[in-house]
Amino acid sequence: MSTNKVKQPSIQRLFIQLIEKNMLQHAYLFDGKTGTGKKETALWIAQSLFCQNFSQGPCGECHTCLRIASHQHPDVIELKPDGLSIKINQVRELKQEFTKSGVEGRKKLVMIEDVEKMTTQAANSLLKFLEEPDGDILVILMTSAKHLLLPTILSRVQLIQFPQLSREKRLMALEEAGLSKERAAVLSQLTSDTEQAMELSGNENLTTLIESVWKWYVTISKKDDQAFIFVHTEIMPLVKEKAEYQLVLDLFLVILQDILNSQISSDHSVGYFKYRDKIREEAERLNAGTLADLMDIILTGKKYLASNVAAQGVFEMSALKMLDVMKESL
């Protein structure tokens, strides 16, 4: 059996039983947030079906398993959005593959990522196949937005819900990927997707930005009106694009969440690991109502950014509102 670390062992155990008892359905929908292991599990199932040495799971080492892992097996077909959507032509080409028998056997497995991004035409075309499957074919659909799928598609697949991984597991995955404990602590709070976290870690400004947002919070916490000027002098020189604007407020939210979690439990791990002692001091000093007001200001700021309101104006407005909250509460 493969010794690779897995994100959803209970789901894998379920599929081992289904495969061993020959009880697989013809179509499954994997629903869960990004980073919960949907694609990894689909590839693992493909290995399980085709593995030359299957025994309570794929060996992960045979020629077949290695080809599937490297996306080179002719009977394992992978489909994902071409640009912003999955188009009708992609599904038509896929259905042509369905009509052929397996290259190396009778079985075929098809996995479709971000299926919610199908155009209406593509979704209707896929639906026809799901209604009348032809041959020994297993279809695995993957989504992080089940509510966007056609009800008729949902009614023809077996739903498998992928729960979000615990923060401890996300933290461990990032540290195993080579990140420092301090960097992994922050990034595990920002996203549940290991790949996205690693991409964020590659931002050359990230360390400076993490420190600057902390200093910005401290300035606000001290009720220092310089928090307004801080936006212009310290924050704006570090951010150049929309994603980084959101990152600023997301990092601020991490601080507030750290403080709130520390009020709930002194043992709770924090994202701003370097400043955990200061976080605990803030947890004792601030009340829950103040934290809720500060979070509301940041979340409102994120909505303004999403509506393309100028970032500097959003940050300055947020600073002024948070200063008012601090001055009124303490």
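Nothing here was measured: the structure is a model prediction, and the numbers come from that model.

So, how was this worked out
- Residues numbered from 1 in each chain as written.
- Predicted model: local features only at pLDDT ≥ 70, side-chain atom pairs only at ≥ 80, totals over all residues.
- Heavy atoms only, no water.
- Helix = DSSP H or I, 4+ residues; strand = E, 2+ residues; numbered from the N terminus.
- Buried < 20%, exposed > 50% of the residue type's maximum accessible area, 1.4 Å probe, protein only.
- Contact = heavy atoms within 4.5 Å.
- Areas by Shrake-Rupley, 256 points an atom, 1.4 Å probe, with all protein chains shown as cover.
- Lys, Arg positive; Asp, Glu negative; His and termini not counted.
- Charge placed at Lys NZ, Arg CZ, Asp CG, Glu CD.
- Pairing = 2+ DSSP bridges.
- Axes fitted to C-alpha atoms, helices over the stretch in contact; angles between N-to-C directions.
- Parallel < 35°, antiparallel > 145°, perpendicular 65-115°, else oblique.
- Left-handed = near helix turned anticlockwise from the far one by under 90°.
- Nonpolar A, V, L, I, M, F, W, Y, C, P; charged D, E, K, R; others polar.
- Expected span 1.5 Å × (residues − 1).

**Focus on the overall build of the chain**
When helices and strands are counted, the chain shows 15 helices and 5 strands. Viewed in the frame of its principal axes, the chain has a C-alpha envelope of about 70 × 40 × 35 Å. Burial statistics for the chain: of 330 residues in total, 49% are counted as buried. Partitioning the contacts of the chain with sequence separation of at least 6, the portion at a separation of at least 24 is 70%. For the chain, the accessible area works out to roughly 16800 Å², and carbon and sulfur atoms hold 49% of it. Of the side chains in the chain, 39 bear a positive and 43 a negative charge, and the two mean positions are spaced by 3 Å.

**Digging into the environment of Leu179**
Note on placement: Leu179 falls in the loop between α7 (167-176) and α8 (181-190). Given a relative accessible area of 13%, Leu179 falls into the buried group. Separated by 22 residues in the primary sequence, Leu179 and Ser201 place their C-alpha atoms 8.3 Å from one another. Excluding its chain neighbours within four sequence positions, the residues that come into contact with Leu179 are Leu174, Ala184, Leu187, Met198 and Ser201.

**Details of the pairing of strand β4 (residues 137-143)**
Buried residues dominate β4, accounting for 7 of its 7 residues. The sheet contact formed by strand β3 (residues 108-112) and β4 spans 5 bridges and is parallel. Looking across to β4, one finds that Lys108 is bridged to Ile137.

**Comments concerning the sheet that holds strand β5 (residues 158-161)**
Ordered in space as β2-β3-β4-β1-β5, the 5 strands form an open sheet in which the pairing is parallel. Of all strands in the sheet, those bounded by a partner on one side alone are β2 (76-79) and β5. Averaged over neighbouring strand pairs, the angle between their axes works out to 20° when direction is ignored.

**A closer look at the packing of helix α12 (residues 242-264) against helix α15 (residues 311-329)**
At a minimum axis separation of 10 Å, α12 and α15 run at an interaxial angle of 20°. Comparing the axis directions of α12 and α15 gives the class roughly parallel. The chirality of how α12 crosses α15 is right-handed. Packed against α12, whose contacting residues are Tyr245, Val248, Leu249 and Phe252, the element α15 presents Ala311, Val314, Phe315 and Met322 at the interface. Per-class residue counts for the contact of α12 with α15 are 8 nonpolar, no polar and no charged.

**A short note on helix α5 (residues 120-131)**
With 12 residues, α5 should cover 16 Å at 1.5 Å per step; its first-to-last C-alpha distance of 16 Å lies within 8% of that length. The complete set of buried residues in α5 reads Ala122, Ala123, Ser125, Leu126, Leu127, Phe129 and Leu130.

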